[in-house]
Amino acid sequence: MASNFFTFLLLLLQISCSTLSSALQETTPPMNHTGQINSNSVLVALLDSHYTELAELVEKALLLQTLEEAVGRHNITIFAPKNEALERDLDPEFKRFLLEPGNLKSLQTLLLHHIVPARIDPHSWPKSASALTHHRTLSNDRVELTGDNSSGAKFIGTAKIITPNAVNRPDGVIHGIEQLLIPRSVQQDFNNRRSLRSISAIKPEGAPEVDPRTHRLKKPAPPVLPGAPPVLPIYDAMAPGPSLAPAPAPGPGGPHHHFNGMRQVKDFIETLLQYGGYNEMADILVNLTSLATEMGRLVSEGYVLTVLAPNDEAMAKLTTDQLSEPGAPEQIIYYHIIPEYQTEESMYNAVRRFGKVSYDTLRLPHKVLAQEADGSVRFGHTDGSAYLFDPDIYTDGRISVQGIDNVLFPPEDKAKDEKKTIKVATVKPRRGKLLEVACQMLGAIGQDSLFTSCQL
C-alpha cells in the first residue's frame, strides 16, 4: 500500500515538471537570429555616412526602431539621394510640407520608399530597359530597376545610380542616387494640401474700397491690353514731394511689366556719359537725387518722357544757393522733363507751324515755352533762354533726350513786387498833402504863430 502511494506521488511530480517546462517554453520569446544591432550594421553606416540629409530625415521621421527591426529580419538595400538633391534641388514648399508635424506619415512613407527589404548588388541589376525588374519597398510600393547596356548606367525609376555600393555591409548595401524618389501617394497628399491652401487664401468680398486720391468708391478697372498707355495722368503716378523715396506707381501697367523702364533709363544715362559734356546731368539724376529710379518706374508704367538736358557748361553756372535748398535739384530737373515723346524734328516742325509752343513739364503748373530762333528751337523766355544744342542724343520710343546750352527756370511773377512799389510811392505825397491842408485851415483862422510853423 505504501509503495503504491509513493509511486503515485512520483507520477504526479513528473506531470507537474513537464507542465511547467511547456509553460516556460510558451512564455519565453524566440531569440532573434541576428541578435543586437552591431557597429558594422548598414544602419549605423547610414547614420555615419556623408548622406547627412537623409540620415537627419530618418531621425526626424522616428524610423530608427522600424529600420532596426527590418535589418534584424533580412538584408536591406537603401537608395540614398545625394545631399544636393535634398538641399537645393528639392522644392522648398515640398520640403516644408514634409517637415510639418502633421505630415509625419507622408515623410515616413517617402523615406521607406527608398528601402528595399532585399540585397540588390550591382551585378544583379538589369542590363537593358526591356529587362526591367520590380521590387517592393518598405512603404509597400513597387520600384522599377532598369539599365542601359550601351553606357552601363543603372536606374531606379527615373533616378540614376551615381554611386553603386557606396556602403557595403553584411546586412545591407547603400547605393547613391542623383534625385529623390517620390511615391505617388505622397505627391497626391502634397497636391491636395497645396490646393486647399490656395483656395483658403482667397479673400472674401467685404466693404467697397475707397480711392485715397479722390475719396470716392473704387470702380473696377477696365481690362488693359499689353503695351497700352496708362490710364492715370503722369502726375498721379509721380512720387509725392522730393524724389527721395519714390512711391509705388498706381498705374495699371505695374504688375505686367510691359516696359523695362529701369533698363531704358540706364541706357540713356550711359549714352549721356559716352556722348560727353553731360556728366553733371547724369550725376544729378543718379547720385544727388533718385530721379533716375523714378523715371524708370514711370517708363515701366507706360509713360513717355522727353528730357531737356543742360550740358556741363550750363550746369556749372548754377550757384550753391540754387542747389542747397531742400528739393531744389528735383524741381530744377522736373522743369526740364516733358511728359511727351518729342524729337528734334517734331519740336522744330511744331514751332515752324505755330510760332510758339508751350509744353507741360513735371513741375506743375509751369510750362516751358518753345519757339523758332536762328533755324533751331529756343526754349524759355528772352532772359535765361536755351537753344537746342545737341539734338536727339537718345531716342528709343519711350525716352527722348535733347541737349540744351542753358539751365531753364520758370518765369518769375513780378506782379506782387510792382504792387508794393506803387503803394510806397503813393503814401509819401498823401502825407504831405494832409499837412498842407491843415496849414491852410489854420491860416484861415488867423493863428499867425501856427501858420509860421507850417511854413517852416
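Definitions and cut-offs
Residues numbered from 1 in each chain as written. Predicted model: local features only at pLDDT ≥ 70, side-chain atom pairs only at ≥ 80, totals over all residues. Heavy atoms only, no water. Helix = DSSP H or I, 4+ residues; strand = E, 2+ residues; numbered from the N terminus. Contact = heavy atoms within 4.5 Å. Core = buried A, V, L, I, M, F, W, Y, C linked by side-chain atoms within 4.5 Å. Buried < 20%, exposed > 50% of the residue type's maximum accessible area, 1.4 Å probe, protein only. Pairing = 2+ DSSP bridges. Axes fitted to C-alpha atoms, helices over the stretch in contact; angles between N-to-C directions. Phe/Tyr/Trp six-rings, centres within 6.5 Å; stacked < 30°, edge-to-face > 60°.

**Student:** Tell me about the overall build of the protein, and please be specific about residues and values.
**Tutor:** Counting secondary structure elements, the protein contains 18 helices and 14 strands. If you take every contact in the protein between residues at least 6 apart in sequence, the share linking residues at least 24 apart comes to 64%.

**Student:** Account for the nonpolar core, with residues named and values stated.
**Tutor:** Among the nonpolar cores identified, the biggest contains 34 residues, and F268, L285, M295 and V401 are the most heavily contacted of them. Of all the elements, helix α12 (residues 291-300) adds the most residues to this core, at 5 residues. Leave out the neighbours within four places in its chain, and V401 touches F268, L272, V307, A309, D392, I393 and Y394.

**Student:** Which residues make up the pairing of strand β3 (residues 133-136), and what values go with them?
**Tutor:** Here 4 bridges tie β3 to strand β4 (residues 142-147), and the two strands are oriented antiparallel to one another. Counterpart to R136 in the pairing with β4 is R142. From the end of β3 to the start of β4, which pair antiparallel, there are 5 residues, and N140 there has a positive phi angle of about 70 degrees.

**Student:** A description of the sheet that holds strand β11 (residues 367-373) should follow, citing residues and the corresponding values.
**Tutor:** Taken together, 7 strands build an open sheet; the order of strands is β9-β8-β14-β13-β12-β11-β10 and the sheet is mixed. The strands lining the two open edges of the sheet, one partner per strand, are β9 (337-338) and β10 (356-360). Examined bridge by bridge, β10 and β11 share 5 bridges and lie antiparallel to one another. For K356, the partnering residue across the bridge sits in β11 and is Q371. Helix α10 (residues 261-275) contacts β13 (386-395) and β14 (399-404) of the sheet and is inclined by roughly 125 degrees relative to β13. Packed onto the sheet, helix α16 (residues 344-354) meets β10, β11, β12 (376-379), β13 and β14 and runs at close to 135 degrees relative to β10.

**Student:** If you had to explain the packing of aromatic side chains to someone new, which residues and values would you point to?
**Tutor:** All told, the structure shown has 6 aromatic pairs when counted by the stated rule. Measuring from centroid to centroid gives 6.1 Å for F268 and Y394, while their planes differ by 45 degrees, and the two rings are tilted. Taken together, the positions of F268 in helix α10 and Y394 in strand β13 put the pair 126 residues apart, joining distant regions of the chain. Grouping residues by exposure puts F268 and Y394 together as buried. By the ring-pair criterion, three or more aromatic residues cluster together here, those being F94, F97 and F190.

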